[in-house]
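Understanding the architecture of this molecule
The lines below spell out each chain.
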Amino acid sequence: MSNVIWVDDNDNVLGEISREKAHREGLLHRVSVVYLVNNKDEILINERAKDGHLDHSSAGHVDVGESYIEAAKRELQEELGVSGIQLQDIGSTYAQDMSKTSNKKHMFRVYVCKAVPIKLQKDEVKSVFWSNPKDIYADMQINPKKYTGGFKNTIKLFISQTVQ
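The following paragraphs examine the structure supplied in this document. In this text the structure is predicted, and so the values were computed from the model without any measurement. (Residues numbered from 1 in each chain as written. Predicted model: local features only at pLDDT ≥ 70, side-chain atom pairs only at ≥ 80, totals over all residues. Heavy atoms only, no water.)

Concerning unusual backbone geometry
- Phi is positive for Asp 11, which is not a glycine, with a value near 70°.
- If you trace the backbone, Asp 11 turns up in the loop between strand E1 (3-7) and strand E2 (13-18).
- Among the residues examined, Asp 11 registers a relative accessible area of 16% and is labelled buried.
- Residue Asp 41 is not a glycine yet carries a positive backbone phi of 60°. (Helix = DSSP H or I, 4+ residues; strand = E, 2+ residues; numbered from the N terminus. Buried < 20%, exposed > 50% of the residue type's maximum accessible area, 1.4 Å probe, protein only.)

Below you can see the structure in the form of structure tokens.
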């Protein structure tokens, strides 16, 4: 695995570390998130191939030497086959997701765009579907284990910045 950008709570760079070390020791590091929206103001939900959890439309770690926007565009192309579109930056948030085997602490930069998936990266994305963001947030309160930790956090930012 590659190295990631280790940051403080204000997103100031502290150095570069392995992704494994960051996840094992709970060191805050960068992730880019993209929410795809359609004309019905629904968001595209990603069912992850590796564990079946529901997740952001597209997301991934920011590699060393890469900006948030570059990582967002790379992940969007890799996971959903979408490229050449304008991404709107809606803000940042962070979350900690602890389990028996890891302590993930991510600084998220969140983007939104109107697009449809072109081609799913089968080793990352099992399937996708459209849903109302408020309905997804309500379901997260009832069935939290269905969703990734980061998604449960960034959807609050998404709703506060985009939903009327």
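Overview of the nonpolar core
- Counting residues in each nonpolar core, the largest one holds 21 residues, and the members touching the most others are Tyr 35, Ile 43, Phe 151, Ile 155 and Phe 158.
- For this core, the secondary structure elements donating two or more residues are strand E3 (29-37), strand E4 (43-48), strand E7 (88-98), strand E8 (103-114), helix H3 (133-142) and helix H4 (149-162).
- The element contributing the most residues to this core is H4, with five residues.
- Counting residues in hydrophobic clusters, the runner-up holds 18 residues, among them Ala 71, Leu 80, Val 82 and Ala 115. (Core = buried A, V, L, I, M, F, W, Y, C linked by side-chain atoms within 4.5 Å.)

Points about the environment of Gly 15
- Relative to the helices and strands, Gly 15 is located in strand E2.
- Apart from the residues lying within four places of it in its own chain, the contact partners of Gly 15 are Val 4, Ile 5 and Trp 6. (Contact = heavy atoms within 4.5 Å.)

Some points on H3
- Restricting attention to buried positions, one finds in H3 the residues Pro 133, Ile 136, Asp 139 and Met 140. All buried residues of H3 project into a common sector of 120° when viewed along the axis, lining one side. Residues of H3 that are exposed and angled more than 90 degrees away from the buried face: Asp 135, Gln 141 and Ile 142.
- Buried residues in H3 make contact with E4, strand E9 (125-131) and H4. (Arc of directions from axis to C-beta.)

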